[in-house]
Amino acid sequence: MPDTTQRTERLDKILSNQGFGTRKDVRGLVRAGAVTINGEPVKDPSMHVHTERDVIAVDGEPVQVQQFVYLMMNKCKDVVSANKDGEHSTVFELLDDSYRTGSCAKDLHTIGRLDIDTEGLLILTTDGTLTHRLISPKSHIGKTYTAWLRDSLTPQQRDAYRVQCKAGIHIAPEGSEPEADCLGAELSWSDDVMYAGAQRPCAVLTIYEGKYHQVKRMFAALGNEVLYLKRTAMGALTLDPSLENGGYRQLTPEEIDLLKNEGASHAE
């Protein structure tokens, strides 16, 4: 029987969560004799391991078990940032079963949300403390978006947009959301893109809060419309360009440190 009074997890789940592939991949490692617990070869990939006491090694290299799960997803359109939704697919349905069962499924959540038609960087984690720090109204952590706009703009109009964003834009109410004054934001311009048969302005906007449909409402206040929206960064953490739409991977230790440093510096 597993020791339920201690922090234990199935070995195959631990190694899958640490980046050693699917549980099927882990079973292959066990069959090959590549996995040891406290120096002893493992025969049962489903055995429960004490994550703080036992030493897991793969091919002789100790595995540093992370207490929390941190995932980067390149969210695709037509999925919602929710655990359950009666009408639409959710980002959690894009995940492997190892993230959708047991304690991980209970604790895994998104840090903030992206609209159903917005793509890009979405962080999922079981670290509630970090999430609280990053989404706190006091955090003011920059979130960078690429937006393709409906109407073409002259250089003078682009400069005017940039100045107005920097000063802070008043956005109109939308649905049950009231009108609001947005904090100053940073706007720059990338090369125009082809969209729906025409050249469209491509804006790069960094905001420091997260009001409902904020980016869309800001450009609407400027007299334009967002046709396509993608989040590319959160603070110093940028979206991995190799992730396909709907793809995800674990954050590297360096990326986790970036997020934790963002949260710590803005909590001070």
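Look up a bit, the structure's there.
Residues numbered from 1 in each chain as written. Predicted model: local features only at pLDDT ≥ 70, side-chain atom pairs only at ≥ 80, totals over all residues. Heavy atoms only, no water.

(A) Representation of the sheet that holds strand β6 (residues 61-62) within the structure. Strand order in the open sheet made by the four strands is β3-β2-β5-β6, with antiparallel pairing throughout. Looking at strand neighbours, the two that pair on one side only are β3 (40-41) and β6, the edges of this open sheet. When strand β2 (residues 35-37) meets β3, the two strands line up antiparallel, connected through two bridges. Directly across from Thr36, in β3, lies its bridge partner Pro41. (Pairing = 2+ DSSP bridges. Helix = DSSP H or I, 4+ residues; strand = E, 2+ residues; numbered from the N terminus.)

(B) Expanded view of the layout of surface pockets. Taken as a whole, the largest pocket encloses approximately 700 Å³ of empty space. Along the walls of the largest pocket sit 32 residues, with Arg113, Lys143, Glu209, Gly210 and Lys211 positioned nearest its centre. Elements supplying a minimum of two residues to the lining of the largest pocket: α4 (128-135), β12 (143-149), α6 (214-221) and β17 (226-234). Residue composition of the lining of the largest pocket, by class: 16 nonpolar, nine polar and seven charged. (1 Å grid on protein atoms, 1.4 Å probe; cavity = no way out; pocket = protein on both sides within 12 Å on 5 of 7 lines; lining within 4 Å. Points joined across faces, edges and corners; volume = space filled by probe spheres on them. Nonpolar A, V, L, I, M, F, W, Y, C, P; charged D, E, K, R; others polar.)

(C) Quick peek at the side chain of Thr144. For Thr144, the position within the fold is in strand β12. Look at Thr144 and you get buried, because its relative accessible area is 15%. Not counting the four nearest positions on each side in its chain, Thr144 is found in contact with Val204, Leu205, Thr206, Lys230, Arg231, Thr232 and Ala233. (Buried < 20%, exposed > 50% of the residue type's maximum accessible area, 1.4 Å probe, protein only. Contact = heavy atoms within 4.5 Å.)

(D) How the structure looks around the environment of Glu174. Checked against the element boundaries, Glu174 lands in the loop between β13 (170-171) and β14 (180-181). As a C-alpha pair, Glu174 and Tyr195 span 21 residues in sequence and 26 Å in three-dimensional space. Only 2.6 Å separates the side chain of Glu174 from the side chain of His213, close enough to count as a polar contact. (Polar contact = N/O pair within 3.5 Å; in protein donor to acceptor, adjacent residues only side chain to side chain.)

(E) Summary view of α4. Turning to α4, its buried residues number three or more, namely Leu130, Thr131 and Leu134. Looking straight down α4, one finds its buried side chains confined to an arc of 100 degrees; they lie on one side. Those residues of α4 that are exposed and aimed more than 90 degrees away from the buried face are Thr129 and His132. The backbone nitrogen of Thr129 has a side-chain oxygen 3.3 Å away, supplied by the residue at the start of α4, namely Asp127. (Arc of directions from axis to C-beta.)

(F) Highlighting the pairing of strand β15 (residues 186-195). Pairing of β15 with strand β16 (residues 198-207), which is carried by eight bridges, proceeds in the antiparallel orientation. Opposite Leu187, over in β16, you have Leu205 as the bridge partner. Here β15 hands over to β16 after two residues, with Ala196 in that stretch at a positive phi of 55 degrees.

(G) Molecular detail of the nonpolar core. The biggest cluster of nonpolar side chains holds 35 residues, and the ones touching the most others in it are Leu95, Leu124, Leu149, Leu205, Met218 and Phe219. When contributions to this core are tallied by element, the ones reaching two or more residues are β7 (70-75), β11 (119-125), β12, α5 (155-167), β16, α6 and β17. The contacts of Leu124, once residues within four sequence positions are left out, are Val69, Tyr70, Leu71, Met73, Val91, Phe92, Leu95, Leu108, His109 and Thr110. Listed in part, the 15 residues of the second largest apolar core include Met72, Ile111, Leu134 and Leu243. (Core = buried A, V, L, I, M, F, W, Y, C linked by side-chain atoms within 4.5 Å.)

(H) The arrangement of the pattern of salt bridges in detail. All chains considered together, the criterion is met by twelve salt bridges. A salt bridge links Glu9 to Lys13; the shortest N-O distance between them is 3.8 Å. For the residue pair Glu9 and Lys13, the accessibility class agrees, reading buried in each case. Here Asp117 ties to Lys216 by a salt bridge, and the two come within 2.8 Å at their closest N and O atoms. Remark: Lys216 occurs in helix α6 and Asp117 occurs in the loop between β10 (109-110) and β11; sequence separation between them is 99 residues. Sharing partners across several salt bridges, the network here consists of Asp115, Asp117 and Lys216. (Salt bridge = Lys/Arg side-chain N within 4 Å of Asp/Glu carboxyl O.)

(I) Spotlight on the side chain of Arg158. With respect to the helices, strands and loops of the structure, Arg158 is situated in helix α5. The class for Arg158 is buried, based on a relative accessible area of 15%. Not counting the four nearest positions on each side in its chain, Arg158 is found in contact with Leu153, Trp189, Asp192 and Pro201.

(J) Fine view of α5. Here α5 contains 13 residues, and its C-alpha end-to-end distance of 19 Å stays within 8% of the 18 Å for a straight helix at 1.5 Å per residue. Against the buried residues of α5 lie β12, β15, β16 and α6. With its phi angle positive at about 105 degrees, Gly168 sits one or two positions after the end of α5. (Expected span 1.5 Å × (residues − 1).)

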